[in-house]
Amino acid sequence: MKSWQFANRAAAMSPSIIREILKVTEQPDIISFAGGLPSPDSFPIEAFSQAYEKVMREHPRSALQYAASEGYAPLREWVAQSLPWEVSPDQVLITTGSQQGLDLVGKVLIDEGSRVVVQTPSYLGALQAFSAYEPEIFSVPNDDQGLQLESLEREQLRYRARFLYLLSNFQNPTGLTLSAHRRQEIAKTCHALGLPIVEDNPYGELWFDAPPPPPVSSFYPEQSIYLGSFSKVLAPGMRLGFAVVPAEVYPKMLQAKQAADLHSPSLNQRLAYEVLTQPGFLDGHLERIRALYKGQCQAMLAALQRHMPDGVSWNTPKGGMFLWLRLPDGLDSAAMLPLAVQQGVAYVPGAAFYDTQPDMSTMRLSFVTATPEEIDRGIALLAQTIEQQLAA
């Protein structure tokens, strides 16, 4: 006898392919380039220990109590002041990770059958979050400068989407960064089309040699929702992010959050604020992360150059945690994954990051959780797997 009847939207939900891959690659003998996890070596453990002692000594009751749904006021003020355009703390909503921000956007702005435009490929977590609300997703391709404006105009004029979703800095999965000129052109085009923007920027502080240009939202603030995260600069276990939301949309985002979790953890917000405002902490901390990730990225690029057979290509990220690799024509990265795991190396097939018409020859490689020695060994194993496929 059937007792549970799922909502129609539950049928559109699917497990994270990356999370399923991680279950396989947790074996200690697998070198994994699959996870999108920050390096544990980047976590400011001592700074958090000191912050915890201070918070529990000075504000224990309020830190452990229910709190405002908008978030801890000093943290919201810190976020507003840290952004490179004028933002009021009243526009800042603290979220339980930036992933919650994506879910709240979907809950507030998407109806069944409404249209959303995304870059292709795009962040898998966003596609998952939006799909629960049953939109039609239209994909706009990238070129080496970022989102292709001609395709964006064509899709919007045909379909009148609710918003454009994009990652402007060191995109997950490709590592691509929008050029300064393209950002202004996107803002100008979206303004002309009446198309709001949801800009996701969890990786923007992870630049290697030079900071990225200002966010697209800074050129189009009245029609942009800007999402940020503390996961990549502090620690993902804190589950803290933020959304900068126009006044017209903020009340509904707040109501959606209240229905979801009342508020993000009070203790975690206070800890984050104490850590972020320790004199001299953030600049030195970010400098260490950037140096660490730059070295690991260079190790992967050198290993790819050393080991990969002809016909394999990849990009050179300017920051972030990922690079994008393309196999020779005829090879399927999803079909090849079990063979790679047998060899002792793992990655994420690129097809996971497409809503439709996936490019089966692509894969995402993360370079931040492996040592340079592991990177070299893992890339050599991956190259060996590709060579076997080419010879088959």
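Our structure is the block above this text.
Conventions used here
- Residues numbered from 1 in each chain as written.
- Predicted model: local features only at pLDDT ≥ 70, side-chain atom pairs only at ≥ 80, totals over all residues.
- Heavy atoms only, no water.
- Helix = DSSP H or I, 4+ residues; strand = E, 2+ residues; numbered from the N terminus.
- Buried < 20%, exposed > 50% of the residue type's maximum accessible area, 1.4 Å probe, protein only.
- Contact = heavy atoms within 4.5 Å.
- Polar contact = N/O pair within 3.5 Å; in protein donor to acceptor, adjacent residues only side chain to side chain.
- Axes fitted to C-alpha atoms, helices over the stretch in contact; angles between N-to-C directions.
- Left-handed = near helix turned anticlockwise from the far one by under 90°.
- Nonpolar A, V, L, I, M, F, W, Y, C, P; charged D, E, K, R; others polar.
- Arc of directions from axis to C-beta.

Caption draft 1: Region of interest: the environment of Gln65. Tracing the chain through its elements places Gln65 in the loop between helix H4 (60-63) and helix H5 (73-82). For Gln65, a relative accessible area of 46% gives the class partly exposed. With 201 residues separating them along the chain, Gln65 and Ser266 place their C-alpha atoms 7.0 Å apart. Apart from the residues within four sequence positions on either side, Gln65 is in contact with His263 and Ser266.

Caption draft 2: Here's a closer look at the environment of Thr277. For Thr277, the location among the structural elements is in the loop between helix H11 (266-276) and helix H12 (281-307). The partly exposed category is assigned to Thr277, whose relative accessible area is 32%. Taking C-alpha positions, Thr277 is 9.6 Å from Leu75, a pair spaced 202 residues apart along the chain. Separated by 2.7 Å, the side chain of Thr277 and the backbone oxygen of Tyr273 make a polar contact.

Caption draft 3: Structural view of the side chain of Ser264. The topology assignment puts Ser264 in the loop between helix H10 (250-261) and H11. Residue Ser264 is classed as buried on the basis of its relative accessible area of 1%. Of the polar contacts made by the side chain of Ser264, one reaches the backbone oxygen of Thr95; its length is 3.4 Å. Residue contacts for Ser264: discarding those within four places in its chain leaves Ile94, Thr95, Thr96, Gln100, Leu240, Lys257 and Gln269.

Caption draft 4: Quick peek at the packing of helix H6 (residues 97-109) against helix H7 (residues 124-131). It is the contact of H6 with H7, at a shortest axis distance of 8 Å, that shows an interaxial angle of 35 degrees. The interaxial crossing formed by H6 with H7 has right-handed handedness. Two secondary-structure elements touch here, H6 through Gln99, Leu102, Asp103, Val105 and Gly106 and H7 through Gly125, Ala126, Ala129 and Phe130. Residue composition of the contact of H6 with H7, by class: five nonpolar, three polar and one charged.

Caption draft 5: Summary view of helix H8 (residues 149-159). Buried residues of H8: Leu149, Ser151, Leu152, Glu155, Gln156 and Tyr159, and no others. The buried residues of H8 occupy one face: seen down the axis, they fall within an arc of 160 degrees. Opposite the packed face of H8, turned more than 90 degrees from it, sit the exposed residues Glu150, Leu157 and Arg158. Next to the buried residues of H8 lie strand E3 (115-120), strand E4 (136-143), strand E5 (146-147), strand E6 (163-167) and helix H9 (180-193). Following H8 by one or two positions, Arg160 has its phi on the positive side, about 50 degrees.

Everything listed here is a matter of coordinates, which is why it stays silent on function.
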